[in-house]
Amino acid sequence: MSITTVFCALPEIRDQLIQFISGEFFVSHHIAKSVYDQRLLHHFRRFKSATHFVIEYPYVDRVYRDSYYSYFSSKHGNYRKDCIRVSFFEGSITPEQFRNQDQIEELQNRYLGFMVLRPTIPNIIGRSVISPRALVTGRFLTVASRFQTTVSAVKFEVTGFPHSSQDTETLSCAETSVWAIMEYFASKYPEYKPALPSIIINALKNRSSFRQIPSEGLDVEQMGFTLREFGFGTKIYSRVKFDETLTNLLSTYVESGVPLIAALSNTHRGGRIGHAVLAIGRADTTDAQIDQLKVISEKDRKLAGILSQRNIQIVDNDDIEREFVFVDDNYPVYQLAPLNQPTRHYKSLDWEHCEIIHFLVPLYPKIYLEAFVAKKCIKTLLLESPFNIPAGTELFLRVFLTSSRSYKDYLAKESSFQIDFRDFILDTPMSKFIWVGEISSRELMKRKLAKGLIIVDATEPKLTNYNALIVCGYDDLFFYPDTVNKELVKNSLSLGEFNIYTNNLKGF
Amino acid sequence: MATKLNRKEEIKARLLAEGKVEIMNSPEAIDIREDINDYLESVKRDYQQRERGSQIEAAKFVFTS
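Thresholds, definitions, all that
- Residues numbered from 1 in each chain as written.
- Chains lettered and ligands numbered in written order.
- Predicted model: local features only at pLDDT ≥ 70, side-chain atom pairs only at ≥ 80, totals over all residues.
- Heavy atoms only, no water.
- Pairing = 2+ DSSP bridges.
- Helix = DSSP H or I, 4+ residues; strand = E, 2+ residues; numbered from the N terminus.
- Axes fitted to C-alpha atoms, helices over the stretch in contact; angles between N-to-C directions.
- Contact = heavy atoms within 4.5 Å.
- Core = buried A, V, L, I, M, F, W, Y, C linked by side-chain atoms within 4.5 Å.
- Buried < 20%, exposed > 50% of the residue type's maximum accessible area, 1.4 Å probe, protein only.
- 1 Å grid on protein atoms, 1.4 Å probe; cavity = no way out; pocket = protein on both sides within 12 Å on 5 of 7 lines; lining within 4 Å.
- Points joined across faces, edges and corners; volume = space filled by probe spheres on them.
- Nonpolar A, V, L, I, M, F, W, Y, C, P; charged D, E, K, R; others polar.
- Buried area = accessible area lost by both parts, 1.4 Å probe.
- Salt bridge = Lys/Arg side-chain N within 4 Å of Asp/Glu carboxyl O.
- Domains from an automatic or database assignment.

### So, the sheet that holds strand β16 (residues 394-403) of chain A
So, step 1. On the basis of which strands lie adjacent, the open sheet formed by eight strands has the order β12(A)-β16(A)-β17(A)-β19(A)-β20(A)-β21(A)-β22(A)-β1(B) and mixed pairing. Of all strands in the sheet, those with a lone pairing partner are β12 (313-316) of chain A together with β1 (21-23) of chain B, marking the two edges. Neighbouring strand axes in the sheet, compared pairwise and without regard to direction, differ in orientation by 20° on average.
So, step 2. Where strand β20 (residues 469-474) of chain A and strand β21 (residues 477-481) of chain A come together, three bridges link them in antiparallel fashion. Residue Cys-472 of chain A lies in a different strand from β21 of chain A, and its bridge partner there is Phe-479 of chain A.
So, step 3. Docked against the sheet, helix α1 (residues 7-17) of chain B engages β21 and β22 (488-492) of chain A together with β1 of chain B, running at close to 90° with respect to β1 of chain B.

Structure follows, in structure tokens:
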């Protein structure tokens, strides 16, 4: 047995993969062609024309091997246990470059990821990580992590978000979403471990009254339970309970760099779809979007009363009508779609009128203050604190969650901050996670600037007596709760304008 | 030679010396605080109801596609 490696360019990939699929997965040339044209073509036509490929067989993929040993090998039919791996590079490549130390470093800069092809005809796309740089799609911002792999025996690293199609037997959309979430978090934080298909099935063993494989799908509650078992403090938001704030809150979590699972459905509109996708990012914000952002009338009676009384308006960054980045196991990774049309890329009428019905957020378990309450807390602190906000002012508010480590790192390097205000915040002990509200205006936000800030402890759900407030400042005043006498302290200090925080999604 | 820094305390002391600090303990400030407390308590109750309702709704939803 030996490893076969093929180096080829984009125009050659179809013929090469058809040969591999036919020869190694033991299917007819006709079936292999049909698999490529129906399952792979729409993935490969998104690659930039200069992309080159390395195809390797056999490849032992840990995710497919797990499905193979826990399920496929128990069938009578002859299932192969090895996979094909396709790796992507920007520009041309030769076999010799992989044996030359000097050229390997240059190859690393041009490495764009990989895709595993499983012998699960026709659903053959397995574990993949593709750099957004490889694709012709427009610019977008997304959470991503680094994944190590090898190509032609040489170690490489790619930055992207994990993706796989469902095999429909051990992995349906629900299991694939949980797998991708765990793959992402495990590669990023030592607290989490990757979850192979059999581990996901085992986690639900005591919650299932019926046979688990072949998978008939999971319900949202089971997904929440699985994520909790894997170490998250899972939160759920349903459209019927959060109404019009559902997409606003989903946007807040995306702005916070938290990948989340969205449940899509059209059953309430006579359809039969119940599908899970991940929301992992959004398109860049344009000046036109900021200009077109509508003032949504505040539904909260208390806040609406203060806004009206003070003649202030708030526009919310999370109300911008943008496209979001979805990971959908029926489509290539990084699909862009607006939140009100999450299945826009589907051609079939069966998928018409799908809406986001619920979403699940895999939060760090010690984040006790979630987005709904945090946003209201930030808004009330902004409106009730005696900041000098003239009547008739329109404020642009951007709220996100981040780690205090990342926030302080940004602050320490950010020279646009008023130096005393910056040092004051840097010397303030903080919880591991914080909610941040940046206060700006449309014009300032177009220049990625803010002039006010509210920082709230995300580990403090007890909000009375400014308990969760760390610091808030706007224009020429800032406040903080004194740690000794617990009173709010007002300080006069001109804060000026400062660059907004963009570390969560690496941009705005 | 070691350098000991506590910029926050220095800034607080300087602002105090410049008369730029005010403790918000006037009756009006206390009223505002009480008002915020009441409001945030009601927000939490509202959230708890919505969250529990979401959990009940979620139990009915099955992923099939």
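### Observations concerning the nonpolar core
So, step 1. With 139 residues, the main nonpolar core has Phe-44 and Trp-435 of chain A as its most contacted residues.
So, step 2. Counting residues in each nonpolar core, the second largest holds 33 residues, with Ile-320, Leu-411, Met-445 and Leu-453 of chain A among its members.

### Some remarks on the layout of surface pockets
Residue and element names in this part refer to chain A.
So, step 1. Taken as a whole, the largest pocket holds about 1,500 Å³ of empty space.
So, step 2. At the level of elements, β6 (140-142), β7 (145-151), β8 (154-163), α5 (173-188), β15 (355-363), β16 and α13 (404-413) are the ones that each hand at least two residues to the lining of the largest pocket.
So, step 3. Looking at the lining of the largest pocket residue by residue, the class counts come to 23 nonpolar, 16 polar and 10 charged.
So, step 4. Approximately 1,200 Å³ is the volume found for the second largest pocket.

### Overview of the interface of chain B and chain A
So, step 1. Contacts between the two partners involve 38 residues from chain B, matched on the other side by 63 residues from chain A.
So, step 2. Carbon and sulfur atoms supply 61% of the area that chain B and chain A bury against each other, a total of about 4,600 Å² over both sides.
So, step 3. When residues of chain B are sorted by the area they lose upon contact with chain A, Tyr-39, Phe-63 and Ser-65 of chain B head the list and together hold 18% of the total.
So, step 4. At the boundary of chain B with chain A, the tally comes to seven salt bridges.

### Digging into the domain arrangement of chain A
So, step 1. The domain boundaries assigned to chain A delineate domain 1 (4-165), domain 2 (233-292 + 316-361) and domain 3 (371-499).
So, step 2. Once you take the C-alpha centre of each, domain 1 of chain A and domain 3 of chain A turn out to be 46 Å apart.

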